[in-house]
Every structure is written in C-alpha cells, then in structure tokens.
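# Commentary on secondary and tertiary structure
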2 protein chains.
Amino acid sequence: MPRVHNFSAGPAALPESVLQEAQAELLDYRGCGMSILEMSHRSHAFSEVIQDAENTLRRLVGIPSNYHVLFLQGGATLQFAGVPMNLMRTGRAGYIVSGNFARLAWQEARKYGEAEVLSSSEDTGFDRIPDLAPVAERAAVGDLDYVYICQNNTIFGTMFSTLPDCGATPLVADVSSCFLSMPLDVERYGLIYAGAQKNAGPAGVTVVIVRDDLLGEGPALACCPSYMSYRTQADKDSMMNTPNTFGIYLCGKVFRWVENEGGLAAMEKRNRQKAKTLYDLLDRSEIFVPTAQPESRSISNVTFRCATPELDEAFISGARERGIEGIKGHRLVGGMRASIYNAVSQASVDALAAYMQEFEESRRSN
Amino acid sequence: MPRVHNFSAGPAALPESVLQEAQAELLDYRGCGMSILEMSHRSHAFSEVIQDAENTLRRLVGIPSNYHVLFLQGGATLQFAGVPMNLMRTGRAGYIVSGNFARLAWQEARKYGEAEVLSSSEDTGFDRIPDLAPVAERAAVGDLDYVYICQNNTIFGTMFSTLPDCGATPLVADVSSCFLSMPLDVERYGLIYAGAQKNAGPAGVTVVIVRDDLLGEGPALACCPSYMSYRTQADKDSMMNTPNTFGIYLCGKVFRWVENEGGLAAMEKRNRQKAKTLYDLLDRSEIFVPTAQPESRSISNVTFRCATPELDEAFISGARERGIEGIKGHRLVGGMRASIYNAVSQASVDALAAYMQEFEESRRSN
C-alpha cells in the first residue's frame, strides 16, 4: 500500500528516508555482522551512534557546553516526577497550567513539594495560553525553584509564542510536541525535555537538555530513583544502564535529516506554511471551527471541529477513505486534530485541505 | 557481511527471522500505509500488537489470570526503585545478594525502607548462589514485605537452580538474563521482571509480571512516581502514557518465535546443551578456568578466564578475527563471558568451542 498522509499526534510520521536507511541496515549495521538491535550498548559502534546523535543535536539546536544532553526512557510522564525530584531544592515551584499535560505535571509535582499554579486557562477550556503577567510578578519574588511550562499543548492546539519572563528563576519546559519544529534559545531555559515520538524519533526515548549548575551534587529529594537522577545520568552519558539503543539510533538519523533539510529555521518556515494552509481555510470555513484562540495557535497541532459530533465522525471516516489518517481529536476534547510535525509534508497538508474543501462543499450543497 | 557469532550479554542476538520480518514491514505495517514506528499507540493496529504480545507471553509462560503483564520502560534499574516503592508496605524486605545487580537493587531499596541482606556470596567474589537456609528461616518470621533475588547473575555466570523457600512471603525476582530460557513457575513468585534485551526483545522494554493482590489500591510509598505505579499501569494496560511501541512489537515477534520453536521446555533443552558444550570443555581445559562454582552455573552466561589478562586479551582478539563477538567479560570482573541466550545457535556455540580448542592447542605447543 502507498504511504498514507499521517497526521498522528505521536507516535507520528517519520521521514521516509530515515525509515529506508533503518530498513536497509536492520540485519547488518554497517558491516558489523549484526543488527543495531543486537549490539552491546558498550560496543564501539554504538558509542559512535549515541555520540553522533548528541553532537548532531548540539549543532542543530545550538546547545551550549554547560548544558547536558540526556537520552532517557519513560516519556514525559516520568519527567513529571523527575523534574521536582531533582530540582525542588527549597520545595516550591510554579506551574503554568495551559492544558492537560501541564496539569498532570502540576499534580505530580504536588507529591514532592509546594507546586503553585501561577496562571491557568482551564476556565476557558484551555483554548489559549494563559496570561503571563502574573508569572513574571510571582517569579520576581525569587523563592521558586523553577517555573514550569508545557510549551506546546498537543491536545488543545496551542503554543507559547513568547516565553514567560522568569528573571533568574530557571524555566523548565516540556517541549515534546514542538521540539525541533523551530529554533530554540536554550539559554532561556534551565531544563528542556521532550518525548521523542513527535518530531525527534520513535516512542521510548525522552531527550533532556539541562544546565549543569542545576544538578548540584545530585537530586533535591532523597527518594529520587537512581535511574531518574539527572546528575548520575549526566555523569554516565545516559548509560548508567542499558538505554533504548534502537530509539537513540533512530533519533540520530532524524536529527541528521533535519540538518540536511536546512535545520530548525527551515523547519519553522515549512511548519508555519503548513499551519497557515489549514488555519486560513478554517478561518474562511462555514462548517469547521478552529478551537484555539488565534494568538495562541500551535504550528504543530491544528485543532478544529464541526458543528456536531456526527459531522466530525463523517469527516474523519471520509478522510480515512482518502488515505488521510490520525486526524481524530484527543478523546478528552473530540473533534479533529491535524498534527503537522516536521515529517508531514506540505503535500499531505494540501491533501487534507483539499478534502476539507470538498467536504465543506458537499455539505453546503446538501 | 555474514552475520557474526554474537555472544553479547545484552542487547544480544535476536532470531534472524524476527529481524527479517521487522525489516520487511518497516515502511508499511501490514497494509496500514505507515511504519509501526509511526503509528498511534491508541490505534486499532497497535492495540492488536500489544494485546497479541501479552497473550502470546501468557500462553508461553503459563501466566495465571490473577497476574498482570506490564510492558514498561527504564530497565531493571528503574525497577530497583519501583519494587520497594510499590511493595514495601510495612517497610521491611529481604535481599539475597548474589551479584552486582542484586547488590544495586539492595542499595536502592535502602532508600525506601529497611532492606536486610538475608544471604550473600560477596565474600567469595559472587562465584556461587548464596546459602538459602537462612532465607527460609528469616522469611518464616513473616514480617518481610518480600524476598528479592536476581535469579541469574549475568556478570558472574551463576543462577539459582532452586528458589528460596519464602513461605507466604512474596518472592520478587529480577529474571532479566534468564527470562524465557526455561519454564518458569509463575505462582512461586509475587513479582517477576525482566529487561527485554537478553531473551525477550530489544533494549527499552521491561516486562513486569505481578500478582494482582500485591498492588492493593496503589503503591506503598506516596513518593512513587505515577509512571512507576504498577496499579496504575495495570489498570491502564501499560498505556498510561506512550509505551515503547516498536520495542513491544519486537518482543511480540520474539515470543511467537519461541512458541514456534517449541516453547520454554525446548529452549531449556537447547540452552542446557549449549552450556554443556562449553562447561565440558572448560572442565577439561588446562588453559581456561570456569569462574562459577559447578552447582551454581548459569545456562545463560558462561564465564571463564585464562591464567593472565594478556592471554584473555589474545583470546578475545583472536575470536574477533573468527567472527566471534561479544565474549569480553564484564568490566568489573574481566576474563570472558559467552552469553548463550535463546537466539544463539548451537552452531555458534560449536564455533566458539572449536576456537577455544584451537587456542588451547596453539598455546600448549608454544
């Protein structure tokens, strides 16, 4: 079967050339006589793989040398605990609750200390990024270990277009669904993490970028599992135990692909164009309603719905017949969501847009 | 290059047919028009994959219905914390320290409660399974939340040939390096876990098999990260967040391969034969010394050394020239280690044995 137009929110579309490379060398990694899947994580060949993945990511994002790059497991959910366990040294942090995953991170942090909600958009159904003015004010007091944001809200289709002003307080960001979608000014953050399964690779790898001085001698809390100690993982180059070797190998290939395609600035340009194609259509539509407020719109996940759930269903089912997959909205909100990560081409977006127009016209003439 | 003889301790050899299947469908999983790597973990196709993996494993091992099967991330190291965080309800557990990983698990548990060493073989360099008599005696008191063992000690080449008698106290076992190598009487255990990267699949998946009644309403300790709650993961069928989808997919294929090859009894027969080939040779040798005591010998990892590190090095380097890889011993102990997991064929073992004989003869004639 030809490849479908894949708008999945994650795991998500990967560059076809990356898959082809992985396929070609799956039984014999570059003359080693074994698969990358069968290779010791301590072998010379794998050491090169993980080092190359890190170096490529450092070039791509421009990661300063006082930041560590870690390749961990357990997804964002494990980091919801890892962040407070490592960083809550005085026991107080601030959370901006801009969506479901930000709320989950805040709830988890409450197990480990005082986690204040500095700003929230829950009252309007997370249709926007919350007001950032109270954040700057609160951070200025200087007693927070960090300020936490979820930079792109996959479910609600919103993203921070400007970062909160945290002064000297470290900013911690879950960038899972916007990582590598545009340039990232690492020095604005104390810690950044991303589940790889959107723009960076397959499920099962979490990339953590963290400033060295925040790690001190070890985690803030004694109950932090050794595996989750950023200090230990940094000291051991993510190899305190066996990492997800195949996942890291694929991430490295995706990083190289992004670099060869022009880097993060080129990705942003493409992603903005893809987003514009869909938002322009939604803003003109009489049948589709975009669900995120214009000033908060994501360039990674475009969310919308029809007037009724029945129409949504008809739209989704017709999409499938046209080889358009993964556009069903998250179960918490319903409707539709088109995730237009780096590996989703403008051609796929154009195919979706054409179908949206077709659907609208057919409904209008009914 | 032809495939080498791969004796890696993990990640380790996988069945060639599993790799071929994965390769064939890497760009299009069974007519879905996308890779398994690109597919939502909530999709119908992936739900079938994870359900089939679990069902196959249940058949293969004979897992009773009151045990859950979980597919988690983070390796054994994360379980070192997960076990006490979930199960230390009265705050006291017993550990049998039979090697490096058992010791690490014990050290981690001490962060969460009283972790007693019930028996240890550290004084003889972990060359044997410790005396189990004190374990039965201590467990009979009835105040331990669990007794913990590492059933096969990868680094030292030892395994438990009989399980400790724990009475009513739940037995918890790290079976990473002997999982699926022989039949397993699940009802003897409260909890079993295994990093997949030896006999079960690729690195990045941890299989946990746990008796439902041990999970109660949730973890014993409030500081347990939500991701690590066995109760939550069991209730959510390992999908409280995005699991390692590709890893689980490959595990399912390995489980099917084991089943098609005759199941666990057939695996044990083969593994015992492979081990016998090497131990017989070691016991006759005048140059190689087997390092594990005979009654404690593993059928997964055969450890040995020569009289000097220089000879070890010469042997390892000659092996590589003959397409024999991964036989260097763990950095803690040096020497050699041949891991002869399910996917390592008798032919590979014979090739190693032939080289050992050749090496011995060449040294004798010197």
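All values derive from a computational prediction rather than experimental measurement.

## Considerations on the packing of aromatic side chains
Using the criterion set out here, one finds 25 aromatic pairs over all chains in the structure. A ring pair is formed by A:Phe304 and A:Phe315, whose centres lie 6.1 Å apart and whose planes are at 75°; its orientation type is edge-to-face. One end of the pair, A:Phe304, is in strand E12 (residues 301-305); the other, A:Phe315, is in helix H9 (residues 309-321), with 11 residues separating them in the sequence. By relative accessible area, A:Phe315 is classed as buried at 0%. Relative to B:Phe359, the ring of B:Phe315 has its centre 5.1 Å away and its plane inclined at 80°; by these criteria the two rings are edge-to-face. Here B:Phe315, found in helix H9 (residues 309-321), pairs with B:Phe359, found in helix H10 (residues 346-364); they are 44 residues apart in sequence, far enough to count as distant. Across the pair, B:Phe359 and B:Phe315 agree in class, each one buried.

## Structural notes on the packing of helix H7 (residues 245-260) of chain B against helix H8 (residues 263-284) of chain B
All names here are of chain B. At a closest axis distance of 7 Å, the pairing of H7 and H8 adopts a crossing angle of 80°. As far as their axial angle goes, H8 and H7 are roughly perpendicular. For the pair H7 and H8, the contacting residues are Trp257, Val258 and Glu259 in the first and Gly263, Leu264, Met267 and Arg270 in the second. Split into classes, the residues belonging to the contact of H7 with H8 amount to 4 nonpolar, 1 polar and 2 charged.

## A closer look at the relation of the copies chain A and chain B
When chain A is fitted to chain B, the best match, at an RMSD of 0.0 Å, comes from turning it 180° and sliding it 0.0 Å along the axis. Here the symmetry operator amounts to a two-fold rotation axis.

## What about the domain arrangement of chain A?
All names here are of chain A. By the assigned domains, chain A splits into domain 1 (16-260) and domain 2 (263-364). Distance from the C-alpha centre of domain 1 to the C-alpha centre of domain 2: 27 Å. Every contact between the two is made by 26 residues of domain 1 and, on the other side, 27 residues of domain 2. Counting the surface lost from both domain 1 and domain 2, the interface buries some 2100 Å², and carbon and sulfur atoms represent 57% of this. There are 14 residue pairs in polar contact (both at pLDDT 80 or more) connecting domain 1 and domain 2. Where the side of domain 1 that touches domain 2 is concerned, the elements lending two or more residues are helix H2 (44-61), strand E7 (158-159) and helix H7 (245-260). For the side of domain 1 that touches domain 2, the leading source of residues is H7, giving 3 residues. Of the residues in the side of domain 1 that touches domain 2, the class split is 13 nonpolar, 9 polar and 4 charged.

## As for the nonpolar core
Counting 128 residues, the largest nonpolar core has A:Phe179 and B:Phe179 as its most contacted members. Judged by nonpolar contacts, the second largest core, of 73 residues, contains A:Ala81, A:Tyr112, A:Ala234 and B:Leu87.

## Examining the UniProt feature "modified residue: N6-(pyridoxal phosphate)lysine" (unreviewed entry) in chain A
All names here are of chain A. Per the UniProt record, "modified residue: N6-(pyridoxal phosphate)lysine" (unreviewed entry) is annotated on Lys198. Mapping lysine 198 onto the fold places it in the loop between strand E9 (191-195) and strand E10 (206-211). When residues no more than four places from it in sequence are discounted, the contact partners of lysine 198 are Ala9, Gly10, Ala12, Ala13, Thr154, Ser176, Ser177 and Tyr341. Among the polar contacts made by the side chain of lysine 198, one reaches the main-chain carbonyl oxygen of alanine 9 at a distance of 3.0 Å.

Criteria and thresholds
- Residues numbered from 1 in each chain as written.
- Chains lettered and ligands numbered in written order.
- Predicted model: local features only at pLDDT ≥ 70, side-chain atom pairs only at ≥ 80, totals over all residues.
- Heavy atoms only, no water.
- Phe/Tyr/Trp six-rings, centres within 6.5 Å; stacked < 30°, edge-to-face > 60°.
- Helix = DSSP H or I, 4+ residues; strand = E, 2+ residues; numbered from the N terminus.
- Buried < 20%, exposed > 50% of the residue type's maximum accessible area, 1.4 Å probe, protein only.
- Axes fitted to C-alpha atoms, helices over the stretch in contact; angles between N-to-C directions.
- Parallel < 35°, antiparallel > 145°, perpendicular 65-115°, else oblique.
- Contact = heavy atoms within 4.5 Å.
- Nonpolar A, V, L, I, M, F, W, Y, C, P; charged D, E, K, R; others polar.
- Least-squares fit on C-alpha atoms with pLDDT ≥ 70 in both.
- Domains from an automatic or database assignment.
- Buried area = accessible area lost by both parts, 1.4 Å probe.
- Polar contact = N/O pair within 3.5 Å; in protein donor to acceptor, adjacent residues only side chain to side chain.
- Core = buried A, V, L, I, M, F, W, Y, C linked by side-chain atoms within 4.5 Å.
- UniProt positions renumbered as here; feature names shortened; annotations may be inferred.

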